[in-house]
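# Residue-level structural notes
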Amino acid sequence: MRAITIIMALSALTVCEAATPKLRFAWKEVDYTWESPEQRENAISVKQFVPANNLPLGLGRWKNKIFVTVPRWKSGVASSLNYVDLDGPDDQPLKPYPSLKDNLVPDTASALPSNSSIVSVFRIFVDPCDRLWVLDSGLADIYGAANQVAGPSLVIFDLNTDQLLHRYFFKVSDMKEDSFFANVVVDVDKNTCDNAFAYVPDLGGYGVVVYSLKQDDSWRVAHHYFHFEPLAGSYNVGGIEFHWTDGVFGLALSEPRENGYRTMFFHAFSSTKEFCVSTELLRNYTHIDKSEAFNDFKLLGDRGNNTQASASFYDESNHVLFYTQVNRDGFGCWNSQKPYTPENNPLLFSDAELFEFPNDLKVDEEGTMWVLTDKLPRFLYRSLDPNVVNYRIFSFNTTEAIEGTACQL
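About the thresholds
- Along each chain, residue indices are assigned from 1 in the same order as the chain's sequence is written.
- With the structure being a predicted model, the display of local features is reserved for residues of pLDDT at least 70 and the display and counting of side-chain atom pairs for 80 or more, all residues being used for whole-chain, interface and lining totals.
- Each side-chain value is derived from all of the structure's non-hydrogen atoms; neither hydrogens nor water enter the calculation.
- UniProt positions are given in the numbering used here, feature names are shortened, and annotations may be inferred rather than shown by experiment.
- Starting at the N terminus, helices and strands are each numbered in turn, a helix being any DSSP run of H or I of at least four residues and a strand any DSSP run of E of at least two.
- Between buried and exposed lies partly exposed: a residue is buried under 20% and exposed over 50% of the maximum accessible area for its type, with that area taken using a 1.4 Å probe on protein chains only.
- A pair of strands is treated as paired once DSSP finds two or more bridges between them.
- Of the grid points, spaced at 1 Å and generated over the protein atoms alone, those admitting a 1.4 Å probe that cannot get out make up cavities, while open sets with protein on both sides within 12 Å along at least five of seven lines make up pockets; any residue with an atom within 4 Å of a point is treated as lining.
- Grid points are joined across faces, edges and corners, and a volume is the space filled by probe spheres set on the points.
- Only Asp, Glu, Lys and Arg are considered charged, only Ala, Val, Leu, Ile, Met, Phe, Trp, Tyr, Cys and Pro nonpolar, and every remaining residue, Gly among them, polar.
- Here, a disulfide means two cysteine sulfur atoms that sit within 2.5 Å of each other.

Per an unreviewed UniProt entry, the chain goes by Yellow-c and derives from Iphiclides podalirius. Word for word, the UniProt comment on the chain under Subcellular location (unreviewed entry) is "Secreted". In UniProt, the chain has this text filed under Sequence similarities (unreviewed entry): "Belongs to the major royal jelly protein family."

Put into structure tokens, the structure is as follows:
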């Protein structure tokens with residue numbers, strides 16, 4: 001599927017010609033590695049696996065594994081947490097992680113079969129301590145019966161052994177009536193792995209939950225900047241118009257500052273503005289004056305019209321924040337050493353066919369950006385054509401991508 005003609009067309013259509021994303025994986029429909037053909041056939045017959053209802057959404061890289069998440073938007077998702085082999089075929093079936101048994105949870109389940117079971121995952125985070133942090137929403141068949149199998153939780157796996165390290169369920173005080181947790185970023189140094197903090201945005205309840213691994217405790221942070229913009233809730237992607245009120249969702253962490261804390265960049269999904277706050281405030285939120293802390297949240301600026309972004313990731317080597325551009329079928333960037341203005345937020349790559357809905361992106365330790373694109377609006381509001389490629393994963397070198405753009409110093 002890595003057709004030369006596709007890559008040549010992409011090169012001609014990109015806004016920035018400094019680098020061309022490489023097509024690494026592409027699928028028309030998702031399938032999985034099953035224990036036997038009979039198991040797959042039985043899963044289809046009882047509608048435990050409905051191929052058309054499986055849409056890849058999040059990704060992450062660890063060594064030779066590219067993790068791919070498949071949320072349970074609809075019924076019949078066989079496995080929500082998976083990976084593919086980096087050097088394997090570009091249309092290879094997804095391998096359930098840590099196992100198919102742990103993922104094959106019935107949509108009608110009333111409890112987790114085991115502590116390592118996975119219900120529905122949107123985003124994941126690979127930390128420098130070789131751990132996989134999984135945000136399990138616990139909600140199955142979201143657009144159907146919406147069955148809350150278990151409360152939202154953080155699930156941590158040791159990637160060297162594929163064993164569950166810990167599972168933490170959010171407290172009642174962490175949640176609001178409309179809470180929906182779908183993303184996680186982790187603040188940790190590889191030399192102090194036990195002192196990790198996870199930041200989890202609540203896009204439905206407009207807040208951020210902070211979790212301390214050392215304390216095994218969590219607390220909720222509130223601020224006006226976590227809400228969506230009323231004038232930025234309208235979308236037109238692939239000819240489909242829709243309206244979302246998603247609040248804070250995209251989080252990204254800078255390199256450590258002189259005081260040892262990082263800057264957390266954040267934005268609501270339905271917004272064109274970017275904000276920031278020190279992780280010192282987030283870590284110590286339960287002990288500070290909330291009124292005084294209000295002004296420690298800062299507005300960086302506005303990217304411009306139609307620049308709503310689902311995901312973002314900070315590249316420490318270039319001091320550049322990369323983000324998706326769902327209304328513009330592409331990806332953008334901003335160099336943190338420059339003012340946050342539309343002119344300093346160039347559109348790097350844009351292609352209506354290949355990047356119809358850029359959903360997630362991550363930068364690995366080698367300076368490679370990994371990008372997953374799908375057709376989420378078509379999947380939710382229309383239907384997908386199983387005879388064409390619907391899901392793709394690209395990679396590109398971040399330094400080459402920003403060459404000659406406003407994101408380069």
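With omega at 0°, the peptide bond leading from Y97 into P98 counts as cis. Relative to the helices and strands, P98 resides in the loop between β5 (95-96) and α3 (100-103). Positive phi is not limited to glycine here, since H319 has a value of about 55°. On the basis of relative accessible area, H319 is assigned to the partly exposed category, the value being 27%. The backbone of D329 sits at a positive phi, close to 55°, despite the residue not being glycine. You can see D329 is positioned in the loop between β23 (320-325) and β24 (330-335).

Of all 6 residues in strand β14 (residues 207-212), 6 are buried, a share of seventy percent or more. Sheet topology places strand β13 (residues 197-202) next to β14; 6 bridges connect them, and they run antiparallel. Directly across from Y199, in β14, lies its bridge partner V210. In the sheet, β14 pairs with strand β15 (residues 217-222) via 6 bridges, with the strands oriented antiparallel. Bridging from a neighbouring strand, S212 pairs with D217 of β15. Between the end of β14 and the start of β15, which pair antiparallel, lie 4 residues, with D216 showing a positive phi angle near 50°.

This paragraph deals with the layout of surface pockets. One water molecule sets the probe size; rolling that probe over the atoms shows where empty space is left. One number sums up the size of the largest pocket: a volume of about 980 Å³. Taken together, 33 residues form the lining of the largest pocket, with V126, P128, V363, D364 and E365 sitting closest to its centre. Looking at the lining of the largest pocket, the elements with two or more residues in it are β2 (58-62), β6 (121-127), β12 (185-187), β18 (248-253), β22 (312-315) and β26 (357-363). Here the lining of the largest pocket gets 4 residues from one element, more than from any other, and that element is β22. Its residues assigned to classes, the lining of the largest pocket shows 14 nonpolar, 6 polar and 13 charged.

The next point concerns the state of the cysteines. Covalent bonding between the sulfur atoms of two cysteines defines a disulfide. Within this structure, the stated rule accounts for 2 disulfides. Cysteine pairing in the chain follows 1-2, 3-4, where each cysteine in a disulfide is numbered by its order in the sequence. Free cysteine: C276, not disulfide-bonded; nearest cysteine sulfur from C407 at 17 Å.

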